[in-house]
Amino acid sequence: MWLLLVSLFVGGMIWLLWKKPSPYSVASVRPVEPLVLDQKIRDKVLKQGFTKDKVPENLDAIIIGSGIGGMTVAATLAKAGKKVLVLEQHDVAGGCCHTFTEKGFEFDVGVHYFGQLHENGLFKVAFDQITEGQLEFVELPQYFDSVVIDDGEKLIDYPVLSGKVEMMKNLKKLFPDDHKAIDEFFKVMKLAARRVSFLGALKLMPQWLALFLLKSGIGDLISPVFRLSGASATEMNHTLTSNKDLHLLFSYYFYGTAPKESSYLINALMLQHFKRGAYYPRGGASEIPFHITRVIQKYGGRVLVRAPVSRILVDQSGAAYEIQSRVDMMRPGKASFLLFSGFDATQEELGITPTSYWMFKSNDMDGIEKPQMDEYFSMSKEEAPENVPMVLLTFPSAKDPTSQMRHPGKSCMTILTMVNYEWFEEWKDTRVRKRGDDYFDYKMRFANCMFDWACKLFPKIRDRLVYQEAATPLSNMHYLSSNLGAIYSTDHNLERFYAESMARNRCDTPVKNLYLSGQDIFSCGVAGALHGGLLCASTVLNYPVYIDLMYIKKKLKWMKAREMEKQVKQKQQ
């Protein structure tokens, strides 16, 4: 607790002494306006092409990339009175939050669902500030995830429920002999929720102080969070239970790193993220960049697309070497492969649901007893397509209640898996959509394997399929500018989450006024990228904007309490 208090005290003193105006306020959150359905209006916001005359005068900041990390920084700086310019290389803003429409079907690229968007939650407060309350979220059914183990002989389906009590209660019902293990894991989930801010604080305090606290052992005396962030998920899970299926449920959020190499604390945090419910943007994922862009424009900034940045020129000798040493701290993440499928049928006709399905061919992700992930990633290019060991299966159209209004009679499905970039490397110098028949045939081998697997759960989708497109690591590099096709940032291995690594992986760089943001700063996903943006904005503005968010969070709770007291008094009269 002392670490957070010291960080907040120092940040608070800076804020008071320099009297910097807060970029956030309760008053900036406006009543939600009607959903904008006119595509021409949306395109004017999301597809503003770059020209010199559109660049605002007297710029204070240029943000490269319009993903949620960069957009969070841009909106925060804009609301703090800075003139900002966001440059996006794609033809539409949003990064992994953008959507694309083909043949009447709308697909999200990287947004599957969110958690921690309950009333007055910090994540909700942050989103309300950078969109000024214009982004609505739909709470998904309590049965929000399903973990499926399909070894070819039998199929086991474990439902995962949200709810402060229901999540644990459901797991104990599924695993009646492992109540103690579940209790212990949920203690770590609670610790992660309450103390993960300590890891963020390491990035905001002076680096020498952060390293002193860690190397001296003071950090471990303050909280076990610093030790657990670098603890192997597999090793810790084995101390709780020998049940392999339960091991899988403790670590099923798979982004390319097997549990033996991933952080126990971060895995627990990912499940904790959905404990208070799972949510999806009303109107689709593109609502996120749409409303953030409008806020940036409101304060004099611009978000311009078709504006690739190839180089950043610096005049500091030795800076390149220092930056490279920062880059070398992390290794590239695994590349993603996505399959987008469109169906000429409604949710009811197909029997699909808002639930997301995590499908595995084995409960042994580490491949200790049954080689799975390691074996798959070590396969040759020719072996891999028919041996995909896991997929994430999701139906965006079933999650968004406005989907049938916007795209009547249509449904869509996204399937994601992880692949090696090297399997597709031979086509890296070919042009998009003109990579040749060999490339198409090869990627469709992955696609067919993944689609056939989905049909085992939802057999009705096969006969109603009318559109399909597969996105390979090369697609991700072209449209999202992701390094080697890894849309979930750098590898989520243990080395990345060692406390000292977290302290060294900061938003500021050896180059003056050059900062880093996004998923690479903290963790993957929209939540991780947004916090990367908040940390970056805090570094640029030289005070922690989290102080403002926490103040607003508390103020909203006070306002809610007073309103409830008022209602009680009125009933008593």
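Our structure is the block above this text.
As the structure is a prediction and not an experimental result, all values here were calculated from the model. (Residues numbered from 1 in each chain as written. Predicted model: local features only at pLDDT ≥ 70, side-chain atom pairs only at ≥ 80, totals over all residues. Heavy atoms only, no water.)

Q: Which residues make up the state of the cysteines, and what are the values?
A: Within the structure shown, the criterion is met by zero disulfides. Note on Cys449: no disulfide assigned, nearest cysteine sulfur contributed by Cys455 at a separation of 12 Å. The buried category is assigned to Cys449, whose relative accessible area is 16%. Sulfur of Cys536: no disulfide; nearest cysteine sulfur belongs to Cys507 and is 4.8 Å away. (Disulfide = S-S within 2.5 Å. Buried < 20%, exposed > 50% of the residue type's maximum accessible area, 1.4 Å probe, protein only.)

Q: For helix H4 (residues 122-131), give the residues involved together with the corresponding values.
A: Counting buried positions along H4 gives eight out of ten residues, so the element sits mostly inside the fold. For H4, the complete set of buried residues consists of Phe123, Val125, Ala126, Phe127, Asp128, Gln129, Ile130 and Thr131. For H4, the elements touching its buried residues are helix H3 (68-79), strand E5 (114-115), strand E6 (137-139), helix H13 (287-298), helix H23 (525-541) and helix H24 (546-572). (Helix = DSSP H or I, 4+ residues; strand = E, 2+ residues; numbered from the N terminus. Contact = heavy atoms within 4.5 Å.)

Q: Kindly report on the sheet that holds strand E8 (residues 155-161), identifying the contributing residues and their values.
A: The mixed open sheet is built from seven strands, whose spatial order is E8-E7-E12-E13-E14-E11-E15. Lying at the two open borders of the sheet, with one neighbouring strand each, are E8 and strand E15 (465-471). Here the strands of the sheet are splayed against their neighbours by 20 degrees on average, with no regard to which way each runs. In this structure, strand E13 (residues 390-394) lies alongside strand E14 (residues 411-419), joined through three bridges in antiparallel fashion. Its bridge partner lying in E14, Thr394 is registered against Thr414. On top of the sheet, helix H5 (residues 166-174) reaches strand E7 (143-150) and E8; it is set at about 155 degrees to E8, its chief contact. (Pairing = 2+ DSSP bridges. Axes fitted to C-alpha atoms, helices over the stretch in contact; angles between N-to-C directions.)

Q: Tell me about the pattern of salt bridges, and please be specific about residues and values.
A: The full count for this structure, using the stated rule, is 27 salt bridges. Here Arg406 and Asp400 are joined by a salt bridge, their closest N and O atoms 2.7 Å apart. Residue Asp400 is classed as buried on the basis of its relative accessible area, which comes to 3%. For Glu500, the salt bridge is made with Arg504, and the minimal N-O distance between the two is 3.9 Å. Of this pair, Glu500 and Arg504 both sit in helix H22 (residues 499-504), four residues apart, roughly one helical turn. (Salt bridge = Lys/Arg side-chain N within 4 Å of Asp/Glu carboxyl O.)

Q: Could you give me a rundown of the sheet that holds strand E10 (residues 302-304), with the residues and numbers involved?
A: Here we have three strands laid out as an open sheet, ordered E1-E2-E10, and parallel in their pairing. Each of the sheet's edge strands pairs with one partner strand only, and the pair in question is strand E1 (61-64) and E10. Strand-to-strand, the axes of this sheet are offset by a mean angle of 15 degrees, without reference to chain direction. Here four bridges tie E1 to strand E2 (residues 84-87), and the two strands are oriented parallel to one another. Across the sheet, the residue bridging to Ile62 is Leu85, located in E2. The sheet contacts of H3 involve E1, E2 and E10, and relative to E2 the element is tilted by about 165 degrees.

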